[in-house]
Every structure is written in structure tokens, then in C-alpha cells.
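Chain by chain, the residues run as shown.
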Amino acid sequence: MFSILVLHGPNLNLLGQREPGIYGSATLEDINGLLEREALGLQVKISILQSNHEGALVDAVHSAWGQHQGILINAGAYTHTSVAIRDALAGVKIPTVEVHLSNIYRREAFRHHSYIAPIAIGQISGFGSDSYLLGLRALVNHLNN
Ligand code: DQA
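Everything numeric here is computed off the predicted structure, so don't read it as measured data. (Residues numbered from 1 in each chain as written. Predicted model: local features only at pLDDT ≥ 70, side-chain atom pairs only at ≥ 80, totals over all residues. Heavy atoms only, no water.)

Further remarks concern the overall build of the protein chain. Looking only at helices and strands, the protein chain features 5 helices and 5 strands. For the protein chain, the N- to C-terminal ordering of α and β elements is β-α-α-β-α-β-α-β-β-α. The C-alpha radius of gyration computed for the protein chain amounts to 14 Å, which stays within 12% of the reference 15 Å derived for 145 residues, consistent with globular compactness. Here the analysis covers contacts within the protein chain between residues at least 6 apart in sequence; of these, 76% occur between residues at least 24 apart. As displayed, the protein chain has an accessible area near 7,100 Å², and 51% of this comes from carbon and sulfur atoms. Across the protein chain, the 9 positively charged side chains and the 11 negatively charged ones have centroids separated by 5 Å. (Helix = DSSP H or I, 4+ residues; strand = E, 2+ residues; numbered from the N terminus. Rg over C-alpha atoms; globule rule 2.2 N^0.38 Å. Contact = heavy atoms within 4.5 Å. Areas by Shrake-Rupley, 256 points an atom, 1.4 Å probe, with all protein chains shown as cover. Lys, Arg positive; Asp, Glu negative; His and termini not counted. Charge placed at Lys NZ, Arg CZ, Asp CG, Glu CD.)

Here is the structure:
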């Protein structure tokens, strides 16, 4: 059975109260519950971590080596700034899918660039909490194939 590491980056712990017009009303707990249910259906195991700290996310990616076969990541604002998270993902070479609740290309120009996208299998952006579920499904399909 595949094991997937789900990483949520900074400020995603505030989901539900944070700019609901952009990010929706679902809390992180709600999203994690949906992911657990989806994982059951897909017959994969998931481990979930949220951190507001770049280094903690880098450490989590390193620890995934040999433990998890795929990574689903919403790096939040670090998507647009973090060479370190990108290098960690490239370094462990674990297939990664990048997700965003909002459509980052419809927003401010500084959100249009992702350091992660070039080393990810693919990116899903703009479908609210469904982005995570679609991302998990795409990652598991990729691993199964
Ligand atoms: C986000 C988009 C980022 O630009 C932003 O900094 C976030 C959330 C999203 O899920 O839409 O924190 O990753």
C-alpha cells in the first residue's frame, strides 16, 4: 500500500477564518477529513503535517525519504519564495503533486511563479478543497501506473 505525505504550508492552519472569499469556508481539519476519506477509497495511507516554518517543511521532506512514495503539497506562500523546499523535493526525488485552493494565475503577479511546479509531476490550482482531492487522486494514479 502506498504511503503519501500531505504537507500544508504557512497560514493554512487559519483556513475557515482566513479570507474566506478566496479560500472558502472549509477548515484545515475539514480538508484533512476529506483527504482521509479519499485515501481510504484509493487504498493508500496518508500522513498529514502543517507547518508555518520553512525549515520544518524541508525537514519533513527529508524524512519522507524511504517512508513515503508520494508527496502532496500546498506550500502556501513558500510556493513563490522557497528554493529550499524545491531543492528538498528535488533532492529526495519523491513524486510530488502541487496543489492550491485558489487559482494562483488569476491573482497577484507575485503568485504566478511557483518554484515547485518545475520539479512536480503537475499542479492543481483553483478548485478549493477539491484541489487536494484531485491532487491526491492524480498522484495515486501516477504511482499506480
Ligand atoms: C495558496 C496560494 C498562495 O499564493 C498563498 O500564499 C497561500 C495559499 C492556495 O492554496 O491558494 O497561502 O497556496
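All of the buried residues in helix H4 (residues 83-92) are Ile-85, Ala-88, Leu-89 and Val-92. When H4 is viewed along its axis, its buried side chains cluster within an angular range of 95° and face the same direction. The distance from a side-chain oxygen at the start of H4 to the backbone nitrogen of Ala-84 is 3.4 Å, and the residue carrying that oxygen is Ser-82. At the C-terminal side of H4, Lys-93 shows a positive phi close to 55°. (Buried < 20%, exposed > 50% of the residue type's maximum accessible area, 1.4 Å probe, protein only. Arc of directions from axis to C-beta. Polar contact = N/O pair within 3.5 Å; in protein donor to acceptor, adjacent residues only side chain to side chain.)

With that out of the way, let us pick up the environment of Arg-137. You can see Arg-137 is positioned in helix H5 (residues 129-144). Residue Arg-137 is classed as partly exposed on the basis of its relative accessible area, which comes to 37%. In this structure, the C-alpha to C-alpha distance between Arg-137 and Val-97, residues 40 residues apart in sequence, is 10.0 Å. Excluding residues within four positions of it along the chain, Arg-137 makes contact with Glu-38 and Leu-42.

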